[in-house]
Amino acid sequence: MTLTTRVLLGLIAGTLLGLAIAGSTTPLAGSTLHLLAVVGGIFVDLIRMTAMPLVAALVVSSIGATTASGLGRTGVRSTALAVTLLVVASAGSMLVALPVLRSVPTDPAALVAPSTTAPVAASQPPPLSQWVRDLVPQNVAKAAADGAMLPVIVFSVLFGLAGARITPLRRDAVLRVVEGVAEAMQQLVSWILQLAPIGVFALAVPLTSRLGLAAAGAVATYVALVVALTVLAIALLYPLGMVAGRMSARAFASYCAPAQALAFASRSSLATLPAMVQAAERAGLAPAASRVVLPLAVSIFHYGTAVAQTVGVLFLARLSGVTFGPAELASVVFAVVLASSAVPGVPGGSIVAIVPVLTAAGLPLDGIGLLLAVDTVPDMFRTIANVTGALTLTAATRSERPQP
């Protein structure tokens, strides 16, 4: 039985048990809810435990290795295009999702119990100048201890850029250590996700007992919204790929189709890499595209993740009764752009990578189990978007002039 099946069974079982004890005031029901709240809290804390070192290590290793490879003008252009696409995907999804989610009737107190370690309502937002200044940590260790993810990510980006500039011998030594930490943390995440059926069950019981079947409508809206926005984001890549890659609509569709089919079936961008390399070679792209830009794009450019994380944060904010101001919305976009490059290569990795975005937005992490439980269908479309984004980014190198 696959992990996805076990997670869904955990969600179903938790929902049924929650409905069975909803409204009960017996000591047994109270003890059950208390015990499951502890188990669910431990599962969330395990995910939170891995988030800081995982994201920091992945960001440092990705940026350090990418910058050290000396991609030249092609790399600079690809990076600029990737960042632009991520900002557009996140900000565009936000503009559509905000009014849609406001129309979902919810009881914030019933859906997601507030966390004691995160604010549940956006009070007076800080001025823009203070928000920008807070991005630079005075003490990165203190920022990490306080759970301030954005300053730690900013430090990780700067550290990765600086590490790429030191002598090759020392740079390689540093990158080997950081990559080792990243791999170890990904292994730890994969172990924790094996506990997802138990964690989802434990989180679903108290949620359903408080809200009942009304939760199904909100969750269905979230899934439909993520899928619709992801499909729209994929469609918007086609004209860009056609123009940048100088391909006809039919040629670009044929260029993307084999990898997209594999992405839908496997839900793994890395598993589609051989098909993507073949597509780039058949399209006559430069060797730098298929051998350098494409593998890097698959590893760190997660276009679909930017859409899914943005909608996920806004959905959990709606459930928690949080209203974002301009500064908080800017924090979400900024965190999504950075955190999307630090998605671990394990099933459900995108949900784990949403932790720094939730932390930056000041949201409780209790809703992660809910997102993980219903992630199967969104993940299929998200992987297609990630693959299509990588192929589009690679096709854009066709317009590069040959390097002297």
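None of the values given here were measured: they were computed from a predicted structure.

A. How the structure looks around the overall build of the protein chain. If you tally the helices and strands in the protein chain, you get 19 helices and zero strands. Split into buried and exposed, the 404 residues of the protein chain put 50% on the buried side. Contacts in the protein chain between residues at least 24 apart in sequence constitute 85% of all its contacts with a sequence separation of at least 6. Accessible surface, the protein chain as shown: approximately 17800 Å² in total, 69% of it carbon and sulfur.

B. Inspection of a nonpolar patch on the surface at higher detail. Together, Met1, Leu9, Ile12, Leu16 and Leu19 make up an exposed nonpolar region whose accessible area comes to about 520 Å². Relative to the assigned elements, Met1 resides in the segment before helix H1 (3-21). Owing to a relative accessible area of 71%, Met1 belongs among the exposed residues under this scheme.

C. Molecular detail of the pattern of salt bridges. Counted according to the given criterion, the structure contains three salt bridges. A salt bridge links Arg382 to Asp375, with the nearest nitrogen and oxygen atoms 2.9 Å apart. By relative accessible area, which is 3% here, Asp375 ends up buried. With a closest N to O distance of 2.8 Å, Asp379 and Arg382 form a salt bridge. Taken together, the residues span about one helical turn, with Asp379 and Arg382 both in helix H19 (residues 376-395) at a distance of three residues. Classification of Arg382 by relative accessible area gives buried; the value is 3%.

D. Geometry of the nonpolar core. The biggest cluster of nonpolar side chains holds 105 residues, and the ones touching the most others in it are Tyr255, Val313, Phe315 and Phe324. Counting residues in each nonpolar core, the second largest holds five residues, with Ile21, Ala29, Leu36 and Ala202 among its members.

E. Broad picture of helix H15 (residues 326-339). For H15, spanning 14 residues, the distance from its first C-alpha to its last is 20 Å, which sits close to the expected 20 Å at 1.5 Å a residue. For H15, a buried count of eleven out of 14 residues is recorded, marking the element as mostly surrounded by other parts of the structure. All buried positions along H15 are accounted for by Ala327, Glu328, Leu329, Ser331, Val332, Val333, Ala335, Val336, Val337, Leu338 and Ala339.

F. Inspection of the environment of Ala249 at higher detail. For Ala249, the position within the fold is in helix H11 (residues 249-266). Here the alpha-carbon distance between Ala249 and Pro239, two residues ten residues apart in the chain, equals 7.9 Å.

G. View of the packing of H11 against helix H12 (residues 273-282). Running from amino to carboxyl end, H11 crosses H12 at an angle of 175°, the nearest separation of the two axes being 9 Å. Classed by the angle they form, the pair H11 and H12 counts as roughly antiparallel. Contact with H11, carried on its side by Tyr255, Pro258, Ala259 and Leu262, involves Ala275, Met276, Ala279, Ala280 and Arg282 of H12 and no other residues of that element. Taken together, the residues of the contact of H11 with H12 break down into eight nonpolar, no polar and one charged.

H. Structural context of the packing of aromatic side chains. If you walk through the whole model with that rule in mind, you get six aromatic pairs. When the ring of Tyr222 is compared with that of Phe315, the centres are 4.7 Å apart and the planes differ by 25°; the resulting orientation is stacked. Taken together, the positions of Tyr222 in helix H10 (residues 214-244) and Phe315 in helix H14 (residues 303-320) put the pair 93 residues apart, joining distant regions of the chain. With relative accessibility at 3%, the residue Phe315 sits in the buried group. Here the aromatic cluster, defined as three or more aromatic residues joined through ring pairs, consists of Tyr238, Phe252 and Tyr255.

I. Geometry of unusual backbone geometry. Here Arg246, not a glycine, exhibits a phi torsion of approximately 55°, which is positive. Secondary-structure assignment places Arg246 in the loop between H10 and H11. The exposure class assigned to Arg246 is exposed, which follows from its relative accessible area of 58%.

J. Highlighting the packing of H14 against H15. Look at H14 against H15: their axes get within 10 Å of each other, and the N-to-C directions meet at 145°. H14 and H15 meet at a crossing whose hand is right-handed. For the pair formed by H14 and H15, the contact residues are Ala306, Gln309, Thr310, Val313 and Leu314 on the first element and Leu329, Val332, Val336 and Ala339 on the second. Of the residues in the contact of H14 with H15, the class split is seven nonpolar, two polar and no charged.

K. Looking closely at the confidence of the model for the protein chain. Model confidence for the protein chain is summarised by a mean pLDDT of 80, while 84% of its residues fall at 70 or above. Counting contacts from residues 111-124, a segment whose pLDDT is below 50, to residues more than four positions away or on other chains yields 34 contacts.

L. Here's a closer look at the side chain of Thr392. Within the secondary structure, Thr392 is located in helix H19. By relative accessible area, Thr392 is classed as buried at 1%. Residues in contact with Thr392, not counting those within four places in the same chain, are Leu237, Leu240, Gly241 and Phe252.

What counts, and at which threshold
- Residues numbered from 1 in each chain as written.
- Predicted model: local features only at pLDDT ≥ 70, side-chain atom pairs only at ≥ 80, totals over all residues.
- Heavy atoms only, no water.
- Helix = DSSP H or I, 4+ residues; strand = E, 2+ residues; numbered from the N terminus.
- Buried < 20%, exposed > 50% of the residue type's maximum accessible area, 1.4 Å probe, protein only.
- Contact = heavy atoms within 4.5 Å.
- Areas by Shrake-Rupley, 256 points an atom, 1.4 Å probe, with all protein chains shown as cover.
- Patch = residues over 30% accessible without salt bridge, like charges linked within 9 Å, V, L, I, M, F, W, Y side chains within 5 Å.
- Salt bridge = Lys/Arg side-chain N within 4 Å of Asp/Glu carboxyl O.
- Core = buried A, V, L, I, M, F, W, Y, C linked by side-chain atoms within 4.5 Å.
- Expected span 1.5 Å × (residues − 1).
- Axes fitted to C-alpha atoms, helices over the stretch in contact; angles between N-to-C directions.
- Parallel < 35°, antiparallel > 145°, perpendicular 65-115°, else oblique.
- Nonpolar A, V, L, I, M, F, W, Y, C, P; charged D, E, K, R; others polar.
- Phe/Tyr/Trp six-rings, centres within 6.5 Å; stacked < 30°, edge-to-face > 60°.
- Left-handed = near helix turned anticlockwise from the far one by under 90°.
- pLDDT = per-residue confidence, 0-100.

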